[in-house]
Amino acid sequence: VGWDQCLHCSPGAITGLSGNDGETLHRTKRGWMWNQFFLLEEYTGPDTQYVGKLHTDQDKGDGNLKYILTGDGAGSLFIIDENTGDIHAAKKLDREEKSLYVLRAKAIDRKTGRQVEPESEFIIKIHDINDNEPKFTKDMYTASIPEMSGVGTSVIQVTATDADDANYGNSAKVVYSILQGQPYFSVDPETGIIKTALPDMSRENREQYQVVIQAKDMGGQMGGLSGTTTVNITLTDVNDNPPRFPQSTYQFSSPESAPPGTPLGRIKANDPDLGENAEIEYSISNGDGSDMFDIITDKDTQEGIITVKKQLDFENKMLYTLRVEATNTHLDPRFLQLGPFKDTALVKISVEDIDEPPVFNRPSYLIEVDEDAKEGSIIGQVVAQDPDVTKNTIKYSVDRHTDLDRIFNIYSGNGSLFISKPLDREETPWHNITVIATEIRKKHRIPVFIRILDINDHAPEFAKYYETFVCENAKAGQTVSAVDKDEPPRGHKFFFELVPEFAVHPNFSIVDNKDNTAGIMTRRNGYSRSKTSTYLLPVIIFDNDYPIQSSTGTLTIRVCACDSRGNMQSCNAEALLLSAGLSTGALVAIFLCIIILLVLVVLFAALKRQRKKEPLIISKDDVRDNIVTYNDEGGGEEDTQAFDIGTLRNPEAREESKMRRDVIPETIFQIRRTTPLWENIDVQDFIHRRLKENDSDPAAPPYDSLATYAYEGNDSIANSLSSLESLTTDGNQDYDYLSDWGPRFKKLADMYGGEDSD
């Protein structure tokens, strides 16, 4: 069966082994005769594979011994014939799963059940065959390498493993080779390192490469198994290409009105590199328009944007030429020998003419004019011109929103400003107006500042109203100052003196302090309030400008009683409040107006008090019924709660005074008793008395009411025809006498004279 080695154990001892103490060791006698077993993997024969045979010299061949096998795979993978000791492999074995099996064997006497030999251990080794191909650690590899790398530059290392036994034959010896990717790359057959095989490979020409590597066992010999893997290799970019403009000349145009910063166009230099290696910086190297235009770099698109730097003027220059340069910002020193990494192009910019508004020769104007300048006087001129070639006519005007009072005007043809109304520096020292220059459809505005120069047209006057006092037995002192609305160039200088007629026998004198103030001093000792309680002292104030202006101000000095220390105790109540600077005639006129107003008020009040009510009944022949009017809504004809009309109509039947029945008084007042004097009394006097009683009645209602009384007297031959007296008359009245009054009373006689019919 192909034994590799056969060992026969015979009785006796094996010598040549020694222990640690130098003594010779003797092996005891063993009765085994056994073999060391080897077995090939992956057996595919029709029968079970014979492994070997166990035999002991105690076996006489009579069948009394029984062989038993235990250990790895006993009974499943390996089976033994218990009579003969033959061992067979029941299944196909794989060395890569298990290469060594350890088993134990023993022989037992069938009759006694005793072991005839001690249990012995043996091994079964599985011999390898080349049944596994090499396998790479990855199905696909990815690698990168900079472009322009030299030959032999390492890219990546691939690794393949073989599951076969590396110690048995060449089944596990792997050799690498390249199947795809030549002539650009190569692979080391032993290490699997992939390297570049060509110099100066350019990413711009080809960026991606796919390399197939094979790993083969059996040392690469024919019949060996192999495996493959794919390696994707990318060339990364380096800055090995300078920027290049696609054209040498560019044309752009711009209107002359384009403000600074206006973009005119874009130019771009092409760079086949990527990322920062393709970043470009644009600049203007030279040209006659380098100070008029600028170029900036768009970092996103790597374009150069040409913009206006200064205001253009078609009339001044119509065409500009620029030399634009594009330069890489990130240079690689390894490739500087390839040449300069920049390029230039010519840019021509033409300026387009537009209709521009007029242009003034100054940004603003300052004009000074005296405040006494006459109306129509020319105070200055503004000048504008058309910057275009056509040189159109300019018309001037004043923006009336800045001159609402129309103080100034302008000649539309030549721009001369003149005055339309008088000027007053004290009212408005500055005027800020706007002048408009118009050329066809274009306008331009310019500010004009007009300063009004002062002339001495205002007299100085007291700075405020001054009032002082002098003690009856003391001296007076008061300092006064003046102000002037004018503004002389050398400053104000005021002089003070008394009015000439007051300086003959003055009670007071004035002292100029030489600092635009003056002091008031007494000229005698002792003043009497009983004689003169108030002194009015006119003071003349002069200025020093030309022409000299002056005014008169009045100082009020009151005579007061003072204590021993000079402190004022009391003054007369007739303090005169005179405004400084008013003349005597004006003061007299003011006092007359006040007196007239007071007289009118007194007369109006007196007339109002004496006005009496006109009685409704003047003639005794007026026999109308009375009218009662009041604000509250009453209850009709039967409402007699407010006024007892019957009593009024018949004074003889008048009852004593009663409390008012239309309101409830909060306090009970004692009723005033009056003596009735109804005999020979006039109706008008009667009403006046009743009115007086109601005016003085504390129980009267708080609201206004109108009580109208009418009384026809006692001398009528017909007596009273009113039915109001029926309230105080007992029984029916006899109206038969109406028939004697004539035809005019026939209707009444028929109505009241007949007896009531049943």
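Residues numbered from 1 in each chain as written. Predicted model: local features only at pLDDT ≥ 70, side-chain atom pairs only at ≥ 80, totals over all residues. Heavy atoms only, no water.

As annotated in an unreviewed UniProt entry, the protein carries the name Cadherin 9 and is attributed to Anser brachyrhynchus. You can read under Subcellular location (unreviewed entry) in the UniProt record for the protein the words "Cell membrane". Comment text from UniProt for the protein, heading Function (unreviewed entry), reads "Cadherins are calcium-dependent cell adhesion proteins. They preferentially interact with themselves in a homophilic manner in connecting cells; cadherins may thus contribute to the sorting of heterogeneous cell types." (UniProt positions renumbered as here; feature names shortened; annotations may be inferred.)

A. The packing of aromatic side chains, seen in detail. Per the counting criterion, the structure on display carries nine aromatic pairs. A ring pair is formed by F185 and Y209, whose centres lie 5.5 Å apart and whose planes are at 75°; its orientation type is edge-to-face. Here Y209 lies in strand β17 (residues 208-216) and F185 lies in strand β15 (residues 185-187), a separation of 24 residues in the sequence. Y209 shares its class with F185; the two are buried. Clustering of aromatic rings is evident, with ring pairs tying together Y184, F185 and Y209. (Phe/Tyr/Trp six-rings, centres within 6.5 Å; stacked < 30°, edge-to-face > 60°. Helix = DSSP H or I, 4+ residues; strand = E, 2+ residues; numbered from the N terminus. Buried < 20%, exposed > 50% of the residue type's maximum accessible area, 1.4 Å probe, protein only.)

B. Representation of the confidence of the model for the protein. In this model, the protein carries an average pLDDT of 76, and 74% of its residues clear a pLDDT of 70 or more. Low pLDDT (under 50) marks residues 652-658, which in the prediction has nine contacts with non-local residues, meaning those over four places away or in another chain. (pLDDT = per-residue confidence, 0-100. Contact = heavy atoms within 4.5 Å.)

C. Expanded view of the side chain of T307. Mapped onto the elements, T307 comes out in strand β23 (residues 303-308). Under the relative-accessibility criterion, T307 is labelled buried at 10%. When sequence neighbours within four positions are dropped, the list of residues in contact with T307 reads G261, T262, P263, L264, F293 and D294.

D. Structural detail: the nonpolar core. Of all hydrophobic cores here, the largest spans 24 residues; its most connected members are F245, I267, Y282, F293, V324, V347 and I349. Those elements that place two or more of their residues in this core are β19 (249-255), β20 (263-267), β21 (280-287), β22 (293-298), β23, β24 (319-328) and β25 (342-352). Beyond its immediate stretch of four places on either side in the chain, V347 contacts Y250, F252, I267, I306, Y320, T321, L322 and V324. Judged by nonpolar contacts, the second largest core, of 23 residues, contains V369, I379, V398 and V435. (Core = buried A, V, L, I, M, F, W, Y, C linked by side-chain atoms within 4.5 Å.)

E. Spatial organisation of the sheet that holds β17. Ordered in space as β11-β18-β17-β14, the four strands form an open sheet in which the pairing is mixed. In this open sheet, the two edge strands, each paired with only one partner strand, are β11 (140-146) and β14 (175-180). Each strand axis lies, on average, 30° off the axis of its neighbour in the sheet, ignoring direction. Of the pairings in the sheet, the one linking β11 to strand β18 (residues 226-236) comprises seven bridges and is parallel in character. Bridged to T142 within β18 is N232. (Pairing = 2+ DSSP bridges. Axes fitted to C-alpha atoms, helices over the stretch in contact; angles between N-to-C directions.)

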